[in-house]
Each structure stands twice: as structure tokens, then as C-alpha cells.
Amino acid sequence: SITGETVELLEPYLDMEDYNLETAKKVCGNVAGLCSWTQAMAYFYGINKEVLPLKANLALQEGRLAAAQTELNNAQIQLDEKQLELDQVQAMYDSAMKEKQALLDDAEACRRKMNNATALIEGLGGEKLRWTASSKTFQNQIINLVGNVLLATGFLSYSGPFNQEYRNLLLQLWKKEMDNSKIPYSNDLNLTGMLIDNATVGEWNLQGLPNDDLSIQNGIIVTKASRYPLLIDPQGQGKIWIKNMEKNNRLQVNSSFNIFFMCTI
């Protein structure tokens, strides 16, 4: 409750040289404490006059701090909520990007397959004519199969003893009989191509068989007929061929081994 007016009234006394605790004790020791107390109160008033605004400002700043702290807490709560939402959205984004990449990969794979399929279709389109012709050829082969097999079996069974001219004559006579009996066959039938493949013929040539049509036909009769052939072979070509062909089968040759290379069965 001390005021500035009270302090002003005290100042003349406080400025006196003998207004102190030591002098007061000498004069009246019982009230010497009042002297010290009045000095302390005046000094307190001066200090408190400076401290009160600071206290008021402190209270104001503490209020502001509390309000700011409240706002900070609210902002932190909002930040946590937004961070949670952000994490959820980020997870959705990552999932969407992963799905997008998977779709892009599938699309690229599909594009490659489409390109390959297009190239295959275009390539197969060029084969259509050949396949159509081959299908027609196969159909004709099926129709003519009985007659062709009949001519091939007749060739293997009966043409062995004859030379090329008589073999061709036999073939023409058989075809005439088949025409009369309405048995279909291929007009361009090649018995050699029907009964043996080129790779085998090439192997026979390497083994010593001559490359002419008669020798190849004789080789077919020797290897395809079910009966044992007799080869009339004055030049020894058939003998060399058979020995080379059967070398891996441990063919045994004795002194009476005599082969003639005009093939008969």
C-alpha cells in the first residue's frame, strides 16, 4: 500500500546523515528497526516501481505464450492429421503408380505380341497360296494313292530282271490296264522319288553305287523288296556298293561271293 507521496514525504528524513540504524540504536534501540524498515520500504518502492511493469508484461507475454502454445498444439494436431492423410494418399499414389507400371508393362508385352502376331499373319498370308496348292496336291495324292502303291509294288516285284527300256514298257502296260479298270494314279508318278529319298541316294553314291536311273532303281529293289535279289554285276559296282553299305553290319565275304548287277528277284 505504499505510495509515491509517502516516499516523497520520507525523502527529507532519508537524506539526513544521522537517519540510519547505528544512530537509531544509540538514541533509542527499541525503535531502531523502524528506521531500517522505512529505508527498506522506500528502496522497495523504487525497485517495485520498475518491476511492476515487467511483471505486467511478463503476465501478458505468458498469456500470449499460452495462447501460442495452444495454437501450436492445435496446429500440431492438424499437422498429424494431415500427415496421416498424406501418408494414406502417398500409399494410394504408390499403389496407383505400381498398378500403372504393371499396366504399362502388360501393354508393352501385348504390343510386342501384336507386332509378332501381325508379322506372323503377314508371313502366313504369303503361304496361303502355297498351302492351298499343297492341300490340293495332297488331296490328289490321297485319291491316287492306291494306284501309285500298285505301280510301286509291281515295280518291286516284277521289273528286276529287265533293263530300263523294258521296265518303262511294263510301267506303260500297267497304267493302261489301270485305266481300263478305272484305278486312279498319278500321271507324273516318279517311282524313284516315291520309294527313296535324295539323302539315301546320295549316301549310296558315296558308297559306290552309280548315279544313273537304272542303278538307283536296282538299289531300291535290293533294299526294298522282300525277296533276296540276285545281282548281275560284271563291273563289280554292285559288289563294292553292298560291301561298303553293309560294312557296319559285319558283312562276311567268302571266296564264292559273286555278285551280278542286273537285278533279278
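Keep in mind that what you see is a predicted model, and the values were worked out from it rather than measured. (Residues numbered from 1 in each chain as written. Predicted model: local features only at pLDDT ≥ 70, side-chain atom pairs only at ≥ 80, totals over all residues. Heavy atoms only, no water.)

Q: Describe the environment of E5, with residues and values.
A: As for its placement among the helices and strands, E5 is situated in helix 1 (residues 4-14). Placed 68 residues apart in sequence, E5 and N73 show a C-alpha to C-alpha distance of 48 Å. (Helix = DSSP H or I, 4+ residues; strand = E, 2+ residues; numbered from the N terminus.)

Q: Which residues make up the packing of aromatic side chains, and what values do they have?
A: For the structure on display, the rule yields 2 aromatic pairs. Seen from their ring centres, F162 and Y166 are 6.4 Å apart, and the 35° between their planes marks the pair as tilted. You can call F162 partly exposed: its relative accessible area is 34%. Exposure remark for Y166: the relative accessible area of 46% places this residue in the partly exposed category. (Phe/Tyr/Trp six-rings, centres within 6.5 Å; stacked < 30°, edge-to-face > 60°. Buried < 20%, exposed > 50% of the residue type's maximum accessible area, 1.4 Å probe, protein only.)

Q: Account for the nonpolar core, naming residues and giving values.
A: Within the largest apolar cluster, 23 residues are counted, with the highest numbers of intra-cluster contacts made by L151, L191, W204, I220 and W241. Elements with a minimum of two residues in this core: helix 3 (32-158), helix 4 (164-180), helix 5 (191-195), helix 6 (198-206), helix 7 (213-224) and helix 8 (237-245). (Core = buried A, V, L, I, M, F, W, Y, C linked by side-chain atoms within 4.5 Å.)

Q: Let's hear about the confidence of the model for the chain: which residues, and what values?
A: If pLDDT is low for a region, its predicted coordinates should not be looked at in detail. Put simply, the chain has an average pLDDT of 85, and 95% of its residues get 70 or more. Scored below 50 in pLDDT, residues 257-265 makes 43 contacts in the model with residues more than four places away or belonging to other chains. (pLDDT = per-residue confidence, 0-100. Contact = heavy atoms within 4.5 Å.)

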